[in-house]
Amino acid sequence: MTEPGKTGTQDGETQKRCLAIVLAAGEGKRMRSSLPKALHRIAGRSMLSHVLDAVRQAGADAIAVVVGPGRDDVAAEAVKAAPGAEIFVQDERRGTAHAVLAAREALSHNFGTVLVVFADTPLVRPETFAALLEKREQGAGQRAAEGAGVVALGFEAPDPFGYGRLLTDSEGHLLAIREHKDASPEEREVALCNAGLMALDGANALKWLESVGDDNAQKEYYLPDVVEIARRDGASCLIAGAEAGEVLGVNDKAQLAEAEAEIQRRLRLAAMQAGATLVAPETVFFSHDTVLAPDVLVEPHVVFGPGVTVAEGVVIHSFSHLEGATLAKGVAIGPYARLRPGAKLGEGAKVGNFVEIKQADIGKGAKVNHLSYVGDASIGARANIGAGVITCNYDGFLKYRTIIGADAFIGSNSSLIAPVEVGAGAYVGSGSVVTSNVEADALAVARGRQADIAGWATAFRKKMAALKAAKR
């Protein structure tokens, strides 16, 4: 038997199933940005990362990423998103087939199928890539045992103007891909359009790609020409289908916004199908990795940044922003709460309006109800943090931690100057500036004594009135 995902060749050599080549060398001039197109983000991660994750889930055994010259940032993102990915550089931009050939070394290895995909087409689902791969392997007709030579991904566009057309015979086999500008009037009537992505027979991919010429107006080497080359070589060519919205290519900021809208639609639907309640789904924004358990209630206008996990029964009130936070069962936050990276809220904890939490553990049943900043801190179970309390964690150079014990009570408008500890059950009087540790069950009051001067206000007003009169 061969290993899962691999097939045995006639001479007994083990063949890997799939190489995915991701083209990420585009400059993206229409994005009007110094950031490379592939690194623009949707749902909290780069378009390149979305594509790499999808092909990995679809079953790619190896990944090659083609980047532009000097684009170490794109290469670094690729390796971060897909450890083990090989990086190749397209020194000159001479078309899509030329870009694929930049990964010539990877193509020369023994892969059954080569998937060619684009970093600026981030919405293609893993299931679609898997179907493309499967159709290439299964083939059609008399040569089904050998698989198809080429399978192109196609879609029906409401307005096909500008798209390449997929031309087929009466049995639905792909004959050619014709660019819009080169198509005849009859061919332009074809609604089936080219998404650009395709799966190639790995045994012949390098030979076919090397046969692509540049006899065209742009003097570039176009990947769609592989179809006619494969057919001349006796290989069958097929089409796999996708929805138009799934194969959206992102070339400018308007299309980036379209892609964001589509992925948010998917994420909202998935959250609700998993049991979360979104009061106004269209106003809630997720990251690609947001995790909501059943029976979570999310009110309108909530934003989830990357790295948020929410347990059962949590209520997130309106206008809250969460990033890198973990919320245990029964937590309530907001409205207008901000949870920054490292915020961990224990079961039944409450974080109220206009409260910011950063790198802090809020214990079971603890309350930080309003107008407070808690950073670099540990708050014990059932502790109560009053309005306007601040943990002063930063001296301009270093950050320090505040530790508050279980059942402690911190009075309103107090400042805790870290590093400092308040013991379990201790009280801190309102308006205190605490600079030293407070023992368990003690009362700490750290503020100046109040002094009243009788009649001072009347005398002050008379003095000021006289000064105004003298200036007239």
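Heads up: the structure comes first, above all this text.
All figures in this text were calculated on a predicted structure; none of them were measured in a lab.

A look at helix α9 (residues 253–273)
Relative to the 30 Å expected for 21 residues at 1.5 Å per residue, α9 spans 30 Å between its end C-alpha atoms, a close match to the ideal helical length. Those residues of α9 that fall on the buried side of the exposure criterion are L256, A259, E262, I263, Q264, R266, R268 and A271. Contacts made by the buried residues of α9 are with β3 (41–42), α1 (47–58), β13 (277–278) and β14 (291–292). Taking the backbone nitrogen of A254 as reference, a side-chain oxygen 3.2 Å away marks D252 as the first, capping residue of α9. The first or second residue beyond α9 is G275, which carries a positive phi of 110°.

Here's the deal with the side chain of T402
As for its placement among the helices and strands, T402 is situated in strand β30 (residues 402–404). Judged by its relative accessible area of 0%, T402 is buried. If sequence neighbours within four positions are ignored, T402 has contacts with D376, A377, S378, T391, L416, A418 and V420.

Observations regarding the sheet that holds strand β18 (residues 315–316)
The sheet built from 10 strands is open, its strands ordered β13-β15-β18-β21-β24-β26-β28-β31-β34-β36 with parallel pairing. Each having just a single partner strand, β13 and β36 (443–444) make up the two edges of the open sheet. Examined bridge by bridge, β18 and strand β21 (residues 332–333) share two bridges and lie parallel to one another. Following the sheet pairing, V315 is matched in β21 by A332.

A word on the layout of surface pockets
Each pocket or cavity is described by its volume, and for the second largest pocket that value is around 400 Å³. As for the second largest pocket, its lining consists of 15 residues, and the residues nearest its centre are R45, Q57, P126, I263 and R266. Put simply, the parts of the chain that give the lining of the second largest pocket at least two residues each are α1, α5 (126–138) and α9. Tallying contributions element by element places α1 first for the lining of the second largest pocket, with four residues. Grouping the constituent residues of the lining of the second largest pocket by class yields seven nonpolar, three polar and five charged.

Describing unusual backbone geometry
Between G334 and the following residue, P335, the backbone shows a cis peptide bond with an omega angle of 0°. Assignment of secondary structure puts P335 in the loop between β21 and β22 (338–339). The residue after A418, namely P419, is reached through a cis peptide bond having omega 0°. Mapped onto the fold, P419 is located in the loop between β32 (415–417) and β33 (420–422). Even without a glycine there, the phi angle at D407 is positive, about 65°.

Re the pattern of salt bridges
Going through the model one piece at a time under the given rule, you end up with 20 salt bridges. Across the salt bridge formed by E137 and R17, the nearest N and O atoms sit 2.5 Å from each other. One end of the pair, E137, is in helix α5; the other, R17, is in strand β2 (residues 14–24), and 120 residues separate them in sequence. When the shortest N-O distance is used, the salt bridge between E210 and R104 registers 2.3 Å. Of this pair, E210 sits in helix α7 (residues 205–210) while R104 sits in helix α4 (residues 104–107), placing them 106 residues apart in sequence. Note on R104: relative accessible area 38%, which makes it partly exposed. One network of salt bridges, with partners in common, ties together E27, K29 and R93.

Quick notes on the rules
- Residues numbered from 1 in each chain as written.
- Predicted model: local features only at pLDDT ≥ 70, side-chain atom pairs only at ≥ 80, totals over all residues.
- Heavy atoms only, no water.
- Helix = DSSP H or I, 4+ residues; strand = E, 2+ residues; numbered from the N terminus.
- Expected span 1.5 Å × (residues − 1).
- Buried < 20%, exposed > 50% of the residue type's maximum accessible area, 1.4 Å probe, protein only.
- Contact = heavy atoms within 4.5 Å.
- Polar contact = N/O pair within 3.5 Å; in protein donor to acceptor, adjacent residues only side chain to side chain.
- Pairing = 2+ DSSP bridges.
- 1 Å grid on protein atoms, 1.4 Å probe; cavity = no way out; pocket = protein on both sides within 12 Å on 5 of 7 lines; lining within 4 Å.
- Points joined across faces, edges and corners; volume = space filled by probe spheres on them.
- Nonpolar A, V, L, I, M, F, W, Y, C, P; charged D, E, K, R; others polar.
- Salt bridge = Lys/Arg side-chain N within 4 Å of Asp/Glu carboxyl O.

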